Amino acid sequence: MDPLPSAGADDAPTPRASRAPYHTHTLSGYGSRASSIHAGYSLPGSGAMTPRTPGIPAGEDGERAALLGETERAPGEVEAGESLRRQFKGPGERPPLWRRKSAWAKVRYYVPSTAWIPQYSLSLFAGDFLAGITVASMLIPQSVSYASSLAKLSPVTGLFSAAIPGIVYALLGTSRQLNVAPEAALSLLVGQVVDEILHSDPHTHPIDPNAIALAISTIITFQVGLISFLLGLFRLGFLDVVLSRALLRGFVTAVAVVIMIEQLIPMVGLTQLEHVLQPKSTLDKLLFLIENTFTHAHKLTTLISFGALAVLVGLRSFKQLCRRYWFIYRLPEVFLVVVASTFLCDKFDWDQDGVEILGSVPINTGSSFVQFPLGKMTLRYLRRTTSTAVLISVVGFLDSIVAAKQNAGRFGYSISPNRELVALGAGNIVAAFVPGTLPAYGSITRSKLNGDLGGRTQMASLVCSALVLLATFFLLPWLYYLPKCVLASIICLIVFSLLGELPHDAMFYWRMRAWIDLALMTLTFVLTIIWNVEIGIAVSVVISLLLVVRRSARTRMTILGRIPGTERWKPIDENPEAEEDASGVLIVRIRENLDFANTAQLKERLRRLELYGHDKHHPADEPHRHDANVLVFHLADVDTIDASAVQIFYELVETYKSRGVGLYITHLKPGPRRSFEKAGITALLGEDAFCADVASAMARVEQAMRERREGREGPVWDGA
């Protein structure tokens, strides 16, 4: 790896910079402390810079500006700043220039579009436009499919959901390639809630089921946006590292199977029979398909749907084989199949032969185009949809952050999970003002395609959203003869991509002998299929969090031994040459900060180390070691210790002193020392018990041993 340039060399222009006076800014348009290190640039106060690519002018407020205006200043600059501050004390006078720049830098940080839009280069527009129009051609039929087939709503709601959140995200989001629109799994969750509420009482029939469905979708989308926004506001973007990747894989796989079973019903023309028999669970629908497919299926519908699916799979495979030819790789196969099937249906009058078509789709979402989402109608379903909104928020964010991080690593910039949550939440909140919109989050597939086709800034998302809006108002009438079974075939194509990574992940966990991950993935899958999506993901999330808590509750400790012939002590489980050369002395190094979680079992863990060492054992086994007479704590790795941990440590010290065990503490840092003093541990042990290092502590132990052998009066470990 090439070494990073020194700070002094940062201002020198590189050959690449001289050839291309433009570069793409990190995040919201300037360097950040979390920027990609492998970029090969480092600047004082602004962290690492991303690789320079043609596009955006690098002015004085570009990547060389500090993240929040916190660059370190030389003493002379500090004095000059103080002088300026004293000069501008009048009420009508302007603040110093550096202060104004700092405030503007914060605006650019939290609203990234204020950075990249003013400095946008037209040289990037060709790639962004091509990416936007290609993704839109795939997104338009997908959104219509998700809304009508999965969410049980009007197709127009899917199109609005694919346009409005994408515009808001492009203005607030930090990922340049992330495409925000409805997702199959999340649309399915909305559709299940709509079905459940509409059929909750079999003796009543809603007067206007469409209005109820719009209200349910609206309140879910608003709650999803609010939850995501608050999670980002309170800086809870670390959720993506708390929940297991195996959990997400099991959930996505189960949802893919559920979606496939759901879509096979319209693909074989059994929609009307389904409305009569009303199978509830996924297993019921699978049995329904097995019993009726060969006896009641509509032959022409089945032929059209599976023929469209075969063409879609064939075109996608052909594109993968011809990746080197850009004009083939960029073919929008979904859009082509939609256009072709609509034309053929109109030409051969398939609708007269019993094939269901999309028909007329009115461009309205209720009494008015824009409504406040917390109305009387929507609030009626608030409590019944909150659990689904929480689930959608978590799953949607996990999928989005994976897609955002993949593209950030691929194109050499960094993203902020907290600001991603805020941007995604704001997009869904704004979209909820249009009744019936679906929750929208980032897609791994579409975002990857966006980058492959030349999308380098958020302008690609703006182009895509604008085209979707145009399609909403002008294209829908042209899709009057689109067969609904073709929409189901499009969703099945998405299912194939959802299932595509399962074999790789399952084999990886098998090779790694990660049985817990495999069990978690299997449990999520089984519960989702047998019960429902909410039960499956909820149980798995609880188990995943319990595993995290269990691991964090186990304090990392090790026994130290002396390297022969030296005054160095190393972990005996990592260094076979290290020896415990002092009989009855146990030296324990605590290798992490102490808090209420990992200190609760500290006493039991220490007792096990004392009796069994690092060997695996059962509590019923006979001890392998003798009780310790002296215990030395090595606390060099303990930077912080909270009040609960200090209290537990105090009780631990009292227990050992009551047993007559000598205690010494080494490498104690100032912060924990102050906590020990306030808690009374220092007074309980005495100052002599605190040593600079293990060698000093062992010298005192050996001195005490000599005094004991010589038979001097007084307790052996007095003051320790």
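Only a predicted model underlies this, so the values are computations on that prediction, with no experimental measurement involved. (Residues numbered from 1 in each chain as written. Predicted model: local features only at pLDDT ≥ 70, side-chain atom pairs only at ≥ 80, totals over all residues. Heavy atoms only, no water.)

Within the protein, the regular secondary structure consists of 30 helices and 10 strands. The buried share of the protein, reckoned over its 720 residues, is 48%. In the protein, the share of contacts with a sequence separation of at least 24, taken over all contacts with a separation of at least 6, comes to 78%. Carbon and sulfur atoms make up 61% of the accessible area of the protein, which totals about 34,700 Å². (Helix = DSSP H or I, 4+ residues; strand = E, 2+ residues; numbered from the N terminus. Buried < 20%, exposed > 50% of the residue type's maximum accessible area, 1.4 Å probe, protein only. Contact = heavy atoms within 4.5 Å. Areas by Shrake-Rupley, 256 points an atom, 1.4 Å probe, with all protein chains shown as cover.)

Moving on, we get to the pairing of strand β7 (residues 585-590). Working note: regular strand, side chains alternate between the two faces of the sheet. Burial analysis of β7 places 5 of its 6 residues in the buried class, which makes it a mostly covered element. In terms of strand pairing, strand β5 (residues 557-562) meets β7 through 3 bridges, oriented antiparallel. Bridging from a neighbouring strand, I559 pairs with V588 of β7. In this structure, β7 lies alongside strand β8 (residues 630-634), joined through 5 bridges in parallel fashion. Directly across from L586, in β8, lies its bridge partner L631. (Pairing = 2+ DSSP bridges.)

Before going further, it helps to spend a moment on helix α10 (residues 245-267). Its 23 residues give α10 an end-to-end C-alpha distance of 32 Å, which sits within 8% of 33 Å, the value for a rise of 1.5 Å per residue. At the exit of α10 stands G269, carrying a positive phi of roughly 75°. (Expected span 1.5 Å × (residues − 1).)

Let us now look at the sheet that holds β7. Read across the open sheet, the 6 strands follow the order β6-β5-β7-β8-β9-β10; overall the sheet is mixed. Each edge of the open sheet is held by one strand with a lone partner, namely β6 (569-571) and β10 (690-691). Along the sheet, helix α27 (residues 643-658) makes contact with β8 and β9 (662-666), crossing β9 at roughly 140°. (Axes fitted to C-alpha atoms, helices over the stretch in contact; angles between N-to-C directions.)

With that settled, the discussion passes to helix α8 (residues 209-233). Between the first and last C-alpha of α8 there are 36 Å, a value that for 25 residues agrees with the 36 Å anticipated at 1.5 Å per step. Positive backbone phi, approximately 60°, marks R235, located one or two places after α8.

Another point: the environment of L482. Tracing the chain through its elements places L482 in the loop between α20 (459-474) and α21 (484-499). In this structure, the C-alpha to C-alpha distance between L482 and A340, residues 142 residues apart in sequence, is 9.1 Å. When residues no more than four places from it in sequence are discounted, the contact partners of L482 are V338, S341, T342, E356, I357, L358 and L487.

Attention now goes to unusual backbone geometry. At R235, a position not held by glycine, the phi torsion is positive, near 60°. Along the polypeptide, R235 turns up in the loop between α8 and α9 (239-242). For R235, a relative accessible area of 58% corresponds to the exposed category. Phi at D349 takes a positive value of approximately 55°, unusual for a residue other than glycine. Checked against the element boundaries, D349 lands in the loop between α15 (333-348) and α16 (376-379). D349 gets classed as partly exposed once you look at its relative accessible area, which sits at 39%.

This next bit is on the nonpolar core. One finds I216, I220, F251, I259 and I392 to be the most contacted residues of the largest nonpolar core, which totals 54 residues. Once residues within four sequence positions are removed from consideration, I259 is found in contact with L150, A184, A185, L188, I491 and V495. L139, I164, I357 and A460 belong to the second-largest nonpolar core, a separate cluster that totals 47 residues. (Core = buried A, V, L, I, M, F, W, Y, C linked by side-chain atoms within 4.5 Å.)

With that out of the way, let us pick up the environment of M459. Residue placement: M459 occurs in helix α20. Taking the C-alpha atoms as reference points, M459 and G127, 332 residues apart in sequence, are found 9.7 Å from one another. Beyond its immediate sequence surroundings of up to four residues, M459 is in contact with W116, Y120, F125 and D128.

The subject of this paragraph is the confidence of the model for the protein. Overall, the predicted model of the protein reaches an average pLDDT of 82, with 83% of residues at or above 70. Of the regions scoring below 50 in pLDDT, residues 1-92 engages in 172 contacts with residues more than four places distant in sequence or in other chains. Ignoring residues within four places in sequence, the model shows residues 714-720, a span with pLDDT below 50, making 18 contacts including any to other chains. (pLDDT = per-residue confidence, 0-100.)

Let's shift gears to the environment of D637. Within the secondary structure, D637 is located in the loop between β8 and α27. Along the backbone, D637 and E592 are 45 residues apart, and their C-alpha atoms lie at a distance of 5.5 Å. When residues no more than four places from it in sequence are discounted, the contact partners of D637 are R589, I590, R591, E592 and N593. Looking at D637, its side chain comes within polar contact range of the side chain of R589, at 2.9 Å. (Polar contact = N/O pair within 3.5 Å; in protein donor to acceptor, adjacent residues only side chain to side chain.)

Moving on to a nonpolar patch on the surface. Taken together, the side chains of L283, L286, L287, I290, L523, V526, I530, W531, I535 and V539 define a hydrophobic patch exposed on the protein surface, amounting to about 830 Å² of accessible area. Broken down by secondary-structure element, the contributors of at least two residues to the nonpolar patch are α12 (282-296), α23 (515-530) and α24 (533-552). Note that W531 resides in the loop between α23 and α24. For W531, a relative accessible area of 53% puts it in the exposed group. (Patch = residues over 30% accessible without salt bridge, like charges linked within 9 Å, V, L, I, M, F, W, Y side chains within 5 Å. Salt bridge = Lys/Arg side-chain N within 4 Å of Asp/Glu carboxyl O.)

What the rule picks out here adds up to 12 aromatic pairs. A centroid spacing of 6.0 Å and a plane angle of 45° characterise the contact between Y325 and F327, whose relative ring orientation is tilted. Put simply, the rings of F160, F369 and F473 pair up and form one aromatic cluster. The positively charged end of R176 is found above the aromatic ring belonging to Y413, 4.1 Å away from the centroid. (Phe/Tyr/Trp six-rings, centres within 6.5 Å; stacked < 30°, edge-to-face > 60°. Lys NZ or Arg CZ within 6 Å of the ring centre and 35° of its normal.)

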